[in-house]
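Chain and residue survey
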Amino acid sequence: MIKSVLKLPKSLSRRYRMARLIEGFDRKADSLANPKASGMPGGMHKSTIDAVLECPGLAERMRNSELRQLPANGKRAYFSWDLPSFLWNALLGSETLHKMVTDYLGPDARIDDLYVKTVLDGYDSTSEGWHDDNVGYRIKVFMVFDTEGHPSGTVVVPTDRPNIYQVRLADELARMVQKPKMDSRANQQLVSYNAGDCLTFDTNIPHRGDYSAGQGIRYCVIAEFIDRNKANALRGRAPCGPGQGRHNIIIPYLDLDVAKHPLIDNRLLKATSTGFTYGYQS
């Protein structure tokens, strides 16, 4: 706790510096994007995996694949960036998702990350407190391909564009001292999940994980999309970039031309003998 308090001035100063940078990119996005055509009123859209990725039977295939892994060694969450080619093909081949992302974020949108996140309720995370992701406009696609019991949902406050990023000081301070705020807020919505559900939302709107309320398991793949120029400008200073900005991810050989796909940032792509690495190359 003492260390957290001592870090507060430096952490907050960085937040406010980044806010000015983010504002410039997001004001440009507001002039170029067409969020009203994206099908994301209030910055969110709830549907199914099969519908958004235009691939009937995809959620079932995900359930029956190696994506369905439980955390090991007493952990409450499981992460993996080892994603099969059938999922990459569906994700990059979906015109529905492509239109949603580019209408909302603008023409320079890219896929920024793709990973598995399986969560057992009781997961101890500051994500349970109200927050945004401190990067301005960014889309996350929660593909909940299976559930057990009654897993936790996601609480969001829908917010229309323009919604320029600002540091939410009270929420940030609470998270920094590991006492996240979980109060009820005006116009909040609880999004619950059944197997096959898909929540697409802008992580710039207030949201939090409801990990304490559920009693179950949520098997999920998360795709992230962001303006590529903003993400590169924030490199090392905000939580964006493939592998959460810390490591490259693998894209296997696919049925489509990865190097020419409009949602792939070629500056991050490097061919290998088995496909591509995607990330801030070392």
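Read on for an overview of the structure.

**Observations concerning the environment of aspartate 171**
Mapped onto the elements of the fold, aspartate 171 is located in helix 6 (residues 169-176). Overall, the relative accessible area of 7% leaves aspartate 171 in the buried class. Contact partners of aspartate 171, with chain neighbours within four places excluded, come to Trp130, Lys181 and Arg185. Within polar-contact distance, the side chain of aspartate 171 engages the side chain of arginine 185 at 2.8 Å.

**Focus: the packing of aromatic side chains**
On inspection of all chains with the given rule, the structure shows 7 aromatic pairs. For the pair phenylalanine 79 and tryptophan 81, a centre-to-centre distance of 6.4 Å together with 15° between the ring planes defines the contact as stacked. For phenylalanine 79, a relative accessible area of 34% corresponds to the partly exposed category. Between phenylalanine 142 and phenylalanine 201 the ring centres are 5.5 Å apart and the planes differ by 85°, which places this aromatic pair in the edge-to-face class. Of this pair, phenylalanine 142 sits in strand 4 (residues 139-150) while phenylalanine 201 sits in strand 7 (residues 197-202), and the two are 59 residues apart along the sequence. For the residue pair phenylalanine 142 and phenylalanine 201, the accessibility class agrees, reading buried in each case. In this structure an aromatic cluster arises from ring pairing among Phe79, Trp81 and Tyr115. Just above the ring of tyrosine 137 sits the side chain of arginine 161; from NZ or CZ to the centre is 3.8 Å.

**Section: a positive patch on the surface**
Judged by side-chain charge, Lys10, Arg17, Arg20 and Arg237 come together as a positively charged surface patch. With respect to the helices and strands, the residue lysine 10 is situated in helix 1 (residues 2-32). Note on lysine 10: relative accessible area 64%, which makes it exposed.

**A look at the sheet that holds strand 10 (residues 249-252)**
Strand-to-strand pairing in sheets goes through backbone hydrogen bonds, with the strands running parallel or antiparallel. Reading across the sheet, the 3 strands line up as 10-12-11 and stay open at both edges, with antiparallel pairing between neighbours. The open sheet terminates on both sides in strands that have one partner only, identified here as strand 10 and strand 11 (269-271). With direction set aside, neighbouring strand axes in the sheet form an average angle of 30°. The sheet contact formed by strand 11 and strand 12 (residues 275-278) spans 3 bridges and is antiparallel. In the sheet register, alanine 271 faces strand 12, and the bridge partner there is phenylalanine 276.

**A few points about the pattern of salt bridges**
A complete count under the given rule lists 19 salt bridges for this structure. A salt bridge links arginine 68 to glutamate 148, with the nearest nitrogen and oxygen atoms 2.9 Å apart. Residue arginine 68 is located in the loop between helix 3 (58-63) and strand 2 (77-80), and its partner glutamate 148 is located in strand 4; the two are separated by 80 residues in the primary sequence. A network of salt bridges, in which partner residues are shared, links Arg110, Asp112, Asp265 and Arg267.

**With respect to the nonpolar core**
Ranked by size, the top nonpolar core spans 73 residues in total, and within it Met62, Met143, Val221 and Phe225 carry the most contacts. The element best represented in this core is strand 9 (residues 215-227), accounting for 8 residues. Discounting residues that sit within four places of it in the chain, methionine 62 has contacts with Ile49, Leu67, Arg68, Phe86, Leu87, Met143, Phe145 and Val221.

**What about unusual backbone geometry?**
Following arginine 161, the chain continues into proline 162 via a peptide bond in cis, with omega recorded as -5°. In this structure, asparagine 73 takes a positive phi of about 60° despite not being glycine. Looking at the secondary structure, you find asparagine 73 in the loop between helix 3 and strand 2. Phi is positive for asparagine 134, which is not a glycine, with a value near 60°. With respect to the helices and strands, the residue asparagine 134 is situated in the loop between strand 3 (109-120) and strand 4.

**Some thoughts on the side chain of serine 38**
Residue placement: serine 38 occurs in the loop between helix 1 and strand 1 (44-48). Classification of serine 38 as buried rests on a relative accessible area of 6%. There is a polar contact of 2.6 Å between the side chain of serine 38 and the backbone oxygen of proline 35. Within the structure, the side chain of serine 38 is placed 3.2 Å from the backbone nitrogen of methionine 40, a separation counted as a polar contact. Excluding anything up to four places from it in sequence, serine 38 contacts Met100, Asp103 and Tyr104.

Rules of the game
Residues numbered from 1 in each chain as written. Predicted model: local features only at pLDDT ≥ 70, side-chain atom pairs only at ≥ 80, totals over all residues. Heavy atoms only, no water. Helix = DSSP H or I, 4+ residues; strand = E, 2+ residues; numbered from the N terminus. Buried < 20%, exposed > 50% of the residue type's maximum accessible area, 1.4 Å probe, protein only. Contact = heavy atoms within 4.5 Å. Polar contact = N/O pair within 3.5 Å; in protein donor to acceptor, adjacent residues only side chain to side chain. Phe/Tyr/Trp six-rings, centres within 6.5 Å; stacked < 30°, edge-to-face > 60°. Lys NZ or Arg CZ within 6 Å of the ring centre and 35° of its normal. Patch = residues over 30% accessible without salt bridge, like charges linked within 9 Å, V, L, I, M, F, W, Y side chains within 5 Å. Areas by Shrake-Rupley, 256 points an atom, 1.4 Å probe, with all protein chains shown as cover. Salt bridge = Lys/Arg side-chain N within 4 Å of Asp/Glu carboxyl O. Lys, Arg positive; Asp, Glu negative; His and termini not counted. Charge placed at Lys NZ, Arg CZ, Asp CG, Glu CD. Pairing = 2+ DSSP bridges. Axes fitted to C-alpha atoms, helices over the stretch in contact; angles between N-to-C directions. Core = buried A, V, L, I, M, F, W, Y, C linked by side-chain atoms within 4.5 Å.

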